[in-house]
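# Observations on chain architecture
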2 protein chains.
Amino acid sequence: MEDFIKNEILAKFSFDVDAEIGLDKLDDAAVINGIVLTTDSYTVSPIFFAGGNIGSLAVSGTINDIYAIGGKAEAMSSSFIIEEGFEMEDFRKIVRSMFQEAKKGGAAIITGDTKVVERGSVDKIFINTAGIGRTHPQLDENFEGIEGRKKWLLDSNIRDGDKIIVTGSIGDHGAAIMAARYEIESEIESDAKPLNKIMDAALDIGGIVAVKDPTRGGVANLLNEWREKSKIGFLIDEKELPIKEGVKSLCELLGMDALELANEGMYVMAVVPSKAEEVLDAIKKLPEGRDAAIVGEASKDYEYAVLKTEVGGKRIIEAPIGSPVPRIC
Amino acid sequence: MEDFIKNEILAKFSFDVDAEIGLDKLDDAAVINGIVLTTDSYTVSPIFFAGGNIGSLAVSGTINDIYAIGGKAEAMSSSFIIEEGFEMEDFRKIVRSMFQEAKKGGAAIITGDTKVVERGSVDKIFINTAGIGRTHPQLDENFEGIEGRKKWLLDSNIRDGDKIIVTGSIGDHGAAIMAARYEIESEIESDAKPLNKIMDAALDIGGIVAVKDPTRGGVANLLNEWREKSKIGFLIDEKELPIKEGVKSLCELLGMDALELANEGMYVMAVVPSKAEEVLDAIKKLPEGRDAAIVGEASKDYEYAVLKTEVGGKRIIEAPIGSPVPRIC
């Protein structure tokens, strides 16, 4: 599908557009005439899981995509496709949590659409959220003194020596979905939440060059996207990775790699070395950033994303082929 | 569902938002800080039909919603939910027509999302489009000299005596879908298309107070929405209604009312009487407006939308209960 999009859609169908960041960038959001626009459709199964539901996920995801490119979320739309006979009480719960998360994220839900389709045409409920925002007020200051990087926190912005920060523990959302899917007892909750305060704090310090949330394919997929677009390798230190015990044991049980599991309330950030410690300190002061850590750096010595393992070896972090868990978001 | 949205969502969950036009208006689009935002999810079945497909429909619908409130479309997102095994060639056709319609409508597709779900979780393909725009450059001039109406082409803006213009023939999209659904031979094609040129021409004349596209529930539903929000009745003259012979015969065959069938490339406009003829002339000069007609007026003499029939009687145009054809868009 990704190849199809790149080779067919982008090569053949896009026409002259004055977007600052357009479809061809395949980044977290687009920017046109000072407006940031992003969209995602959510098909997560099950729709309720520890730590959230399809609605809270949709709102957080859209807010986080706007901040991840260097925007400040302002408003969003929500569009529901609902299977006939869906429980109204469940819909009410979902909608309630959407408004709660939107409020936390400082973005209002201002328009929407609802389609009800016959049984069997959709699995319970799918939600699309699209969000708009403006340039984050601190984005320009953030880039002051950084040479050779484009404004906006782009996947292609990373250079040799940049420090890699994760703002929370790895794989919590994917693990929570797996536990729900396979009915495994677990204390792990999805980390789905708006990350606006994390970004406000980070941009306040400055020196942030790229930000992305590791959703489908997790941190492993994210690093490989960065690698391709920035043409730089990474050295990640396994012993620095914040991974909860519950996630580790779930991964052992199911033979999965936490680096391939999705997060929905955590960013990976590339930060210029001179600012990295200060950014980390600012993030760790926030409750949603208390597990943050510097986990490695971009390095021209490596062609790939490389993991320095706890036992002292090295292995390539490959992009997962397909999603290890479908319908994760 | 509509009651649920009004009573549960709007009453309980919306919080203080500085939107000029927010969720509570239930209008075609929202406006916040000068940005117009709209969204729709498309679940039409069949996905290919005479005159278009789910993709051209999605793009036209979103562009038309932005213009319908008084905006000028600037860009849009598109988000696909695709059933595993869906034909790539069909997807290619859909995407190609989306870019074509977007170009016609002057709005670029700048960001997107694709989710592939397992067989049986979605019926082939659903598409969400969300669009952004700015205030139409002629919107202020359009309102010059009109007293007591709010800027933006709102459902609540209609007053006694306003003329009602339809910009094209009635029910074409719904009829085309019905013909495809029931495999009836018909020459009727969906009217799905962007209406930006119609709106540019109409606002250039001025005096437009409300605009809406008669999608689900058709003109019948539209007039009843206007009636509720503007608190005014309508007198519509049946003999002035542009309805194609093919649509009429299909309606007879299936026992349906053309006024309840959807359009996806036609507006209903309320225009101040002094400007109505001039607006009509300007619209009729465009190929997409050649069937336009003044079909009646808003009238305080009526509590309902009333149809003066060709045989000389009068009947109330009621809002259809549910959709006569589900998954029309």
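What counts and how
Residues numbered from 1 in each chain as written. Chains lettered and ligands numbered in written order. Predicted model: local features only at pLDDT ≥ 70, side-chain atom pairs only at ≥ 80, totals over all residues. Heavy atoms only, no water. Helix = DSSP H or I, 4+ residues; strand = E, 2+ residues; numbered from the N terminus. Rg over C-alpha atoms; globule rule 2.2 N^0.38 Å. Buried < 20%, exposed > 50% of the residue type's maximum accessible area, 1.4 Å probe, protein only. Lys, Arg positive; Asp, Glu negative; His and termini not counted. Charge placed at Lys NZ, Arg CZ, Asp CG, Glu CD. Contact = heavy atoms within 4.5 Å. Buried area = accessible area lost by both parts, 1.4 Å probe. Salt bridge = Lys/Arg side-chain N within 4 Å of Asp/Glu carboxyl O. Polar contact = N/O pair within 3.5 Å; in protein donor to acceptor, adjacent residues only side chain to side chain. Least-squares fit on C-alpha atoms with pLDDT ≥ 70 in both. pLDDT = per-residue confidence, 0-100. Axes fitted to C-alpha atoms, helices over the stretch in contact; angles between N-to-C directions. Parallel < 35°, antiparallel > 145°, perpendicular 65-115°, else oblique. Left-handed = near helix turned anticlockwise from the far one by under 90°. Nonpolar A, V, L, I, M, F, W, Y, C, P; charged D, E, K, R; others polar. Pairing = 2+ DSSP bridges. Right-handed = clockwise from strand over helix to strand, strands pointing away. Patch = residues over 30% accessible without salt bridge, like charges linked within 9 Å, V, L, I, M, F, W, Y side chains within 5 Å. Areas by Shrake-Rupley, 256 points an atom, 1.4 Å probe, with all protein chains shown as cover. Core = buried A, V, L, I, M, F, W, Y, C linked by side-chain atoms within 4.5 Å. Phe/Tyr/Trp six-rings, centres within 6.5 Å; stacked < 30°, edge-to-face > 60°. Lys NZ or Arg CZ within 6 Å of the ring centre and 35° of its normal.

The next subject is the overall build of chain A. A count of helices and strands for chain A gives nine helices and 14 strands. Rg of the C-alpha trace for chain A: 19 Å, near the compact-globule value of 20 Å for 329 residues, within the 12% margin. Along the first, second and third principal axes, the C-alpha atoms of chain A reach 55 × 50 × 40 Å. Looking at chain A residue by residue over its 329 residues, the buried ones come to 62%. When the 38 positive and 57 negative side-chain charges of chain A are each reduced to one mean point, those points stand 1 Å apart.

The subject of this paragraph is the interface of chain B and chain A. Interface size, as often reported, equals the accessible area lost upon joining of the parts. Each partner contributes to the interface: chain B provides 63 residues, whereas chain A provides 63 residues. Between chain B and chain A the total buried area reaches about 5600 Å² when both faces are included, carbon and sulfur atoms providing 72% of it. Linking chain B with chain A are six salt bridges. Between Arg216(A) and Asp113(B) there is a salt bridge, and its shortest N-O distance comes to 3.2 Å. Inspection of the region where chain B meets chain A yields 24 residue pairs in polar contact (both at pLDDT 80 or more). For the side of chain B that touches chain A, the secondary-structure elements that each account for two or more residues are helix 1 (2-13), strand 1 (30-32), strand 2 (35-42), strand 5 (71-83), helix 3 (88-105), strand 6 (108-117) and strand 7 (125-135) of chain B.

When chain B is fitted onto chain A, the two copies agree to an RMSD of 0.0 Å after a turn of 180° and an axial shift of 0.0 Å. Considering both components of the superposition, the chain copies are consistent with a two-fold axis. Relative to the rotation axis, the closest C-alpha in chain B is found at Val122(B), a distance of 2.2 Å. When you check the interface residues of chain B against chain A, 100% turn up at the interface there too, and the contact is symmetric in its surfaces.

Let's shift gears to the confidence of the model for chain A. Confidence in the prediction of chain A, expressed as mean pLDDT, is 94, and 95% of residues score 70 or more. For this predicted complex, the interface confidence score (ipTM) comes to 0.95, while the overall pTM stands at 0.96.

Evaluation of the coordinates by the stated rule reveals 52 salt bridges over all chains. The partner of Glu225(A) in a salt bridge is Lys229(A), with the nearest N and O atoms 3.8 Å apart. You can see Glu225(A) and its partner Lys229(A) sitting in helix 7 (residues 218-230), four residues apart, about one turn around the helix. Given a relative accessible area of 22%, Glu225(A) falls into the partly exposed group. Judged by relative accessible area, Lys229(A) falls into the partly exposed class, the value being 27%. Among the salt bridges present, the one from Arg315(B) reaches Asp257(B), with a minimum N-O distance of 3.1 Å. Of this pair, Arg315(B) sits in strand 14 (residues 314-316) while Asp257(B) sits in the loop between helix 8 (245-254) and strand 11 (268-271); the two residues are 58 residues apart in sequence, bridging distant segments of the chain. According to the relative accessible area criterion, Arg315(B) is partly exposed, its value standing at 35%. Taken together, the shared-partner salt bridges in this structure form one network comprising Asp28(A), Asp155(A), Lys212(A), Glu225(A) and Lys229(A).

What follows deals with the packing of helix 6 (residues 196-205) of chain A against helix 9 (residues 273-284) of chain A. To characterise two packed helices, one gives the angle between the axes of the helices and the distance between these axes. Residues and elements named next belong to chain A. Contact geometry for helix 6 and helix 9: axes closest at 9 Å, N-to-C directions at 150°. Regarding the angle of helix 6 to helix 9, the classification is roughly antiparallel. You can see that helix 6 and helix 9 cross each other, and the crossing is right-handed. For the pair helix 6 and helix 9, the contacting residues are Ile198, Ala201, Ala202 and Ile205 in the first and Lys275, Glu278, Val279, Ala282 and Ile283 in the second. Residue composition of the contact of helix 6 with helix 9, grouped by class: seven nonpolar, no polar and two charged.

All names here are of chain A. Burial analysis of strand 6 (residues 108-117) places eight of its ten residues in the buried class, the great majority of the element. Here strand 5 (residues 71-83) pairs with strand 6 via nine bridges, running parallel. Following the sheet pairing, serine 77 is matched in strand 6 by threonine 111. This β-α-β element, strand 5 to helix 3 (residues 88-104) to strand 6, shows right-handed connectivity.

So, about a nonpolar patch on the surface. Nonpolar side chains collect at one region of the surface, where Tyr182(A), Leu253(A) and Leu254(A) lie side by side and expose about 310 Å² of accessible area between them. Positionally, Leu254(A) belongs in helix 8 (residues 245-254).

Glancing now at unusual backbone geometry. Residue and element names in this part refer to chain A. Geometrically, the link from serine 45 to proline 46 is a cis peptide bond, its omega value of 0° lying close to zero. Considering the arrangement of structural elements, one finds proline 46 in the loop between strand 2 (35-42) and strand 3 (48-49). Phi at arginine 327 takes a positive value of approximately 50°, unusual for a residue other than glycine.

To continue, consider the nonpolar core. With 104 residues, the main nonpolar core has Ile125(B), Trp226(B), Phe234(B) and Met269(B) as its most contacted residues. Discounting chain neighbours no more than four positions away, the residues touching Phe234(B) are Ile158(B), Ile164(B), Leu223(B), Trp226(B), Arg227(B), Glu297(B), Ala298(B), Ser299(B), Tyr302(B), Tyr304(B), Ala305(B) and Val306(B). Within the second largest apolar cluster, 103 residues are counted, among which are Phe80(A), Ile109(A), Ala201(A) and Phe234(A).

Summed over the entire model, instances satisfying the criterion amount to four aromatic pairs over all chains. Residues Phe80(B) and Phe91(B) carry aromatic rings whose centres are separated by 4.8 Å and whose planes lie at 85° to one another, so their mutual orientation is edge-to-face. With a gap of eleven residues between them, Phe80(B) in strand 5 and Phe91(B) in helix 3 connect regions that are remote in the sequence. With respect to class, Phe80(B) is no different from Phe91(B); both count as buried. Over the ring of Tyr42(B) we find Lys115(A); its NZ or CZ atom is 5.5 Å from the centre of that ring.

Here we come to the sheet that holds strand 6 of chain B. All names here are of chain B. What the five strands build is an open sheet, ordered 1-2-7-5-6; its pairing is mixed. Looking along the sheet, the strands with just one partner apiece sit at the ends: strand 1 and strand 6. Within this sheet the neighbouring strands show an average axis-to-axis angle of 20°, counted without direction. Looking at chain direction, strand 2 and strand 7 are connected through eight bridges and run antiparallel. When the sheet's bridge partners are listed, isoleucine 35 is paired in strand 7 with arginine 134.

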